[in-house]
Amino acid sequence: MTTTSPVFQLDLNDNSPLYMQLARKLAQDVRDGRYQADQALPSERTLSERLDVSRVTARKAIDQLVDQGLVVRKRGSGNYIAPRIEQPLSDLSSFSEQLQQRGYTPSSHWLRREVVLADADEQLSLGLSPNSRVARLERLRLADGVVMAYEVSIIPATVLPRPENVGGSLYAHLAKTGHMPVRALQHLRAMNASSELAARLDVPEGRAVLFITRIGYLESGEPVELTHSYCLSDHYDFVAELRRPA
């Protein structure tokens, strides 16, 4: 895999600033596979010399890639291409399983693990009666230390009475207790991050994210999991195989 980029040339028909043109060119290099996930991006000085632009232009272009989520800054180390996950829509697997299969190290930053009264939406989605209690697990999901998503999972308290016992993988914990979902329904849509969500994900307000709602079911057909995921869209590719009916 090559890490060099074709010579950068100013587009005289483009009225946008030079650093924006360079940022678009580097972003396209990432999408075209000239740089691999977790690979170090050339330094500002190297980009400046290689592409014949000023270091200020190179720095501002890299700033744009960081804002877009394509590049991650690691203090004292440099700038690296952010992780990216290709997730088949037909597979029911945990976040941890998806990352491990692709060579990343999964981790979670827990924000909340508690048992609370189910709200109306949770009662409806999980088939619960009024005044039912649920375990609510709120966390940031990371790959190789990079925040990929903010996730809220709701499980009936009868299934998960002690949410603080959940470690890195909720599905692994449910499997141990015999409550592993065997099928799920997912709904995906694009949205712009509110100020609160943007603060959690450490991105600019209004940033595009993928909002995924999943309801997981046991073999009996009983709903056992409601999960809302807010995924940074630059880190995910969702893949679906389609067939024409015979």
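Residues numbered from 1 in each chain as written. Predicted model: local features only at pLDDT ≥ 70, side-chain atom pairs only at ≥ 80, totals over all residues. Heavy atoms only, no water.

- In the annotation of an unreviewed UniProt entry, the chain is listed under the name GntR family transcriptional regulator and assigned to Telluria aromaticivorans.

**Overview of the side chain of asparagine 79**
Phase 1: Among the structural elements, asparagine 79 can be located in strand β2 (residues 78-81).
Phase 2: Among the residues examined, asparagine 79 registers a relative accessible area of 13% and is labelled buried.
Phase 3: Each residue touching asparagine 79, except ones within four places of it in the same chain, is listed here: Gln39, Ala40, Leu41, Ile62, Val71, Val72 and Arg73. (Helix = DSSP H or I, 4+ residues; strand = E, 2+ residues; numbered from the N terminus. Buried < 20%, exposed > 50% of the residue type's maximum accessible area, 1.4 Å probe, protein only. Contact = heavy atoms within 4.5 Å.)

**Focus: the nonpolar core**
Phase 1: Counting residues in hydrophobic clusters, the biggest one holds 21 residues, and the most contacted among them are Val134, Tyr150, Ile154, Leu197, Leu201 and Val209.
Phase 2: When residues of this core are traced back to their parent elements, those giving at least two are β5 (133-143), β6 (146-156), α7 (195-201), β8 (208-217) and β9 (223-232).
Phase 3: Top element by residues in this core is β8. It accounts for 4 residues.
Phase 4: Counting 17 residues, the second-largest nonpolar core is a separate cluster that includes Val30, Leu70, Val71 and Ile81. (Core = buried A, V, L, I, M, F, W, Y, C linked by side-chain atoms within 4.5 Å.)

**Things to note about the pattern of salt bridges**
Phase 1: Here the structure, examined in full by the defined rule, presents 11 salt bridges.
Phase 2: Note that glutamate 138 is salt-bridged to arginine 112, the shortest N-O span being 3.1 Å. Separated by 26 residues along the polypeptide, glutamate 138 in strand β5 and arginine 112 in strand β4 (residues 106-117) bring together distant segments of the chain.
Phase 3: A relative accessible area of 33% means that arginine 112 is categorised as partly exposed. (Salt bridge = Lys/Arg side-chain N within 4 Å of Asp/Glu carboxyl O.)

**Digging into the side chain of arginine 214**
Phase 1: Inspection of the secondary structure puts arginine 214 in strand β8.
Phase 2: Engagement of the side chain of arginine 214 in a polar contact is seen with the side chain of tyrosine 171, the distance being 3.2 Å.
Phase 3: A polar contact is formed between the side chain of arginine 214 and the side chain of glutamate 225, at a distance of 2.7 Å. (Polar contact = N/O pair within 3.5 Å; in protein donor to acceptor, adjacent residues only side chain to side chain.)

**Things to note about unusual backbone geometry**
Phase 1: Positive phi, close to 70°, is recorded for asparagine 131, a residue that is not glycine.
Phase 2: In this fold, asparagine 131 is placed in the loop between α5 (120-126) and β5.
Phase 3: Located in the positive-phi region is aspartate 202, a residue other than glycine, with phi close to 60°.
Phase 4: Inspection of the secondary structure puts aspartate 202 in the loop between α7 and β8.
Phase 5: Judged by relative accessible area, which is 70%, aspartate 202 ranks as exposed.

**Notes on the environment of alanine 193**
Phase 1: Relative to the assigned elements, alanine 193 resides in the loop between β7 (183-192) and α7.
Phase 2: Look at alanine 193 and you get buried, because its relative accessible area is 3%.
Phase 3: For the pair alanine 193 and phenylalanine 211, spaced 18 residues apart in the sequence, the C-alpha separation amounts to 9.7 Å.
Phase 4: Setting aside residues up to four positions removed in sequence, alanine 193 forms contacts with Ala198, Glu205, Gly206, Arg207 and Val209.

**Here we look at the packing of aromatic side chains**
Phase 1: In the structure shown here, the tally under the stated rule is 2 aromatic pairs.
Phase 2: Ring plane angle 25° and centroid distance 5.6 Å describe the contact between tyrosine 150 and tyrosine 230, whose orientation is recorded as stacked. Of this pair, tyrosine 150 sits in strand β6 while tyrosine 230 sits in strand β9, placing them 80 residues apart in sequence. Taken individually, tyrosine 150 and tyrosine 230 each receive the classification buried, so the pair is uniform in this respect.
Phase 3: Relative to tyrosine 230, the ring of phenylalanine 211 has its centre 4.8 Å away and its plane inclined at 25°; by these criteria the two rings are stacked. Of the two residues, phenylalanine 211 sits in strand β8 while tyrosine 230 sits in strand β9, which places them 19 residues apart along the sequence. For the residue pair phenylalanine 211 and tyrosine 230, the accessibility class agrees, reading buried in each case.
Phase 4: In textbook terms, an aromatic cluster arises when at least three aromatic residues are bridged by ring pairs, as seen for Tyr150, Phe211 and Tyr230.
Phase 5: Lying over the aromatic face of tyrosine 217, arginine 183 brings its terminal NZ or CZ to 4.3 Å of the ring centre. (Phe/Tyr/Trp six-rings, centres within 6.5 Å; stacked < 30°, edge-to-face > 60°. Lys NZ or Arg CZ within 6 Å of the ring centre and 35° of its normal.)

**Focus on the pairing of β6**
On any regular strand, side chains alternate: one points to one face of the sheet, the next to the other face.
Phase 1: Within β6, 10 of the 11 residues are buried, which leaves the element mostly enclosed by the surrounding structure.
Phase 2: Relative to β6, β5 is paired through 10 bridges, and the arrangement is antiparallel. Bridge pairing in β6 places arginine 136 opposite isoleucine 154.
Phase 3: The antiparallel hairpin formed by β5 and β6 contains 2 residues in its connecting segment, where aspartate 144 sits at a positive phi of about 50°.
Phase 4: Alignment of β6 against β9, held across 6 bridges, turns out to be antiparallel. Bridge pairing in β9 places valine 152 opposite histidine 228. (Pairing = 2+ DSSP bridges.)

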